[in-house]
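Chain by chain, the residues:
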Amino acid sequence: MRSIYVLLALFLLLIPSLRSQESLTLRQAVDLALKSNPLAAAADAGEKEAEARIRQARSGYMPQLNFSESVQRSNNPVFVFGSLLTQHQFTADNFNLGPLNRPEALNNYQSRLSVEQVLFDGHRTARGVEAARFSRQIAGEDVRRSRSDIVLAVLRAYFAVALAAQNVEVAEQSLASAKADLERAHSVYESGRSTLADVLALRVHLASVEEQKVRAANDLAVARAALNDALGVSLDRRFELTTQLEPAAGAEATLDEYGRTALAERPEILQADLARRLTQTEQGLARAGYWPQVAFQGILEADRQNFYSRGGANWFTAVTLRWTLWNGWETKARVEQARFAESRAEALRKRADSAIRLEVRKAYLDLAAAAQRMEVTAAAVAEAEEAHRIIQNRHQAGLTTVTELLRSETALAEARTHRLAAIYDQRVAAGALEYAGGRLTADSPVVN
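This is a predicted model, so every value here is computed, not measured.

Engineer: Run through the overall build of the protein chain, naming residues and quoting values.
Structural biologist: Across its full length, the protein chain carries eleven helices and six strands. Its C-alpha atoms give the protein chain a radius of gyration of 40 Å, clearly above 22 Å, the size a compact globule of 448 residues would have. Counting only C-alpha atoms, the protein chain reaches 140 × 70 × 35 Å along its principal axes. Split into buried and exposed, the 448 residues of the protein chain put 37% on the buried side.

Here it is as structure tokens:
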């Protein structure tokens, strides 16, 4: 009965550790990152910021309404005379020369409501709205690019964990094999068919393999933390990855087709085109400085000797033309600045074109090379396993040296790790090719 209680207590202690492992597919990891990664939040905020900039630019079409309240006190004759008139408190007695020249100090509480509507501004507001819209489109492409960056980063980090976990398995296999070799070496030594040097050499080899296992375990821990960083979650959160490290499908199109798709879909290309059009709009905005502005203004004013009573009201309207005839060539400099910005945007567009073509070519060739490496390493693993089996048997029979045994152990471990690295590189290259072609999303086949 007591043993049952002990087992129950142990089971209850294990429940938290069992719950701490969350199963996570690659698609789930991508979806989690798109919600939690700060880069996604930053890109979304940038898009909303650009939307607010459009509303700000559109405000130029709307009238401006302002209210002010002021208190003035003075014995200045002109001030007193004018204030009494606007307060509707002027009487015949105020024409007396004595009080007129030396009046007593007077308070004037003034409330003013003014409205101004721009009637013509040389298309400044229209150009400003157009520029804000281009900025909004650029921000939208930045969101798309950030999401693709996140998907590719998660794909790399996810399979880096899978690769590190399998490298740990390879290290454990090598460790088990080294221990078995050491036991056989003891048997051979005790039978008098070898020397103690063979046993010592295998002990040194066993220590080296144990060190490799420690390094592999550490690499796995670091890879898990890097994955959590890409996901935007706590570095201590634990996941059980359920998508296996397996080869992805090969290229679905030719290199030229990927290149054409990239030049039509990549956010960087679209942003470069939008940036060039934005500079053209900014040239028009700068040229608007040569045109006058026409505005309507209306003012409603109330003046009182105290805050609540004894006052009068008046109104005022005007249509005003404002024309900057000379501002030290500031407008001319702005036009030239916008023109040079267009030339720079055009040069950057050409640079982005070449860089994307190169990226597509590299990703395409990397995928092909990784596929070839998988074939080569698969054959190498099979050959290394068979060679190691033969050498183990020969060593046990005393027909070969411990040096050959250690060499075959090392060759087998390297063949296995190279095979895993080739699969990882092929899977990542498939994602990188989709990214280079501007087609990498959470719904891409390479993710699902």
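There's plenty left to go through after this.
Engineer: So what's going on with the pattern of salt bridges? Residues and values would help.
Structural biologist: Evaluated as defined, the whole model comprises 24 salt bridges. Across the pair Glu385 and Arg416 runs a salt bridge whose closest N-O atoms are separated by 3.5 Å. A residue pair is termed long-range when its members are at least 10 positions apart, and Glu385 in helix α10 (residues 330-396) and Arg416 in helix α11 (residues 402-436) qualify at 31 residues. Its relative accessible area of 36% is what places Glu385 among the partly exposed residues. Through salt bridges that share partners, Asp273, Arg349, Asp353 and Arg357 make up one connected network.

Engineer: Give me helix α3 (residues 38-58): which residues, what numbers.
Structural biologist: In a regular helix each residue adds 1.5 Å, so 21 residues correspond to 30 Å; α3 covers 30 Å between its end C-alpha atoms and thus fits that length. Those residues of α3 that fall on the buried side of the exposure criterion are Ala40, Ala43, Glu47, Ala50, Ile54 and Ala57. On an axial view of α3, the arc spanned by its buried residues comes to 110°, and they lie on one face. Turned more than 90 degrees away from the buried face of α3 sit Pro38, Lys48, Arg55 and Gln56, all of them exposed. Against α2 (26-36) and α6 (124-190) lie the buried residues of α3.

Engineer: Go over the packing of aromatic side chains, please, and point to the residues and values.
Structural biologist: Counting across every chain of the model gives six aromatic pairs. With centroids separated by 4.8 Å and ring planes inclined at 75°, the aromatic side chains of Phe81 and Phe90 adopt a geometry described as edge-to-face. Accessibility expressed as a relative area gives 31% for Phe81, which makes it partly exposed. Ring geometry for Trp326 against Trp329: centres 5.4 Å apart, planes inclined by 80°, an arrangement best described as edge-to-face. Relative accessible area serves as the criterion here: at 60%, Trp326 is assigned to the exposed category. Residue class for Trp329 comes out exposed when judged on its relative accessible area of 57%. Here the aromatic cluster, defined as three or more aromatic residues joined through ring pairs, consists of Phe81, Phe90 and Phe95.

So, how was this worked out
- Residues numbered from 1 in each chain as written.
- Predicted model: local features only at pLDDT ≥ 70, side-chain atom pairs only at ≥ 80, totals over all residues.
- Heavy atoms only, no water.
- Helix = DSSP H or I, 4+ residues; strand = E, 2+ residues; numbered from the N terminus.
- Rg over C-alpha atoms; globule rule 2.2 N^0.38 Å.
- Buried < 20%, exposed > 50% of the residue type's maximum accessible area, 1.4 Å probe, protein only.
- Salt bridge = Lys/Arg side-chain N within 4 Å of Asp/Glu carboxyl O.
- Expected span 1.5 Å × (residues − 1).
- Arc of directions from axis to C-beta.
- Contact = heavy atoms within 4.5 Å.
- Phe/Tyr/Trp six-rings, centres within 6.5 Å; stacked < 30°, edge-to-face > 60°.

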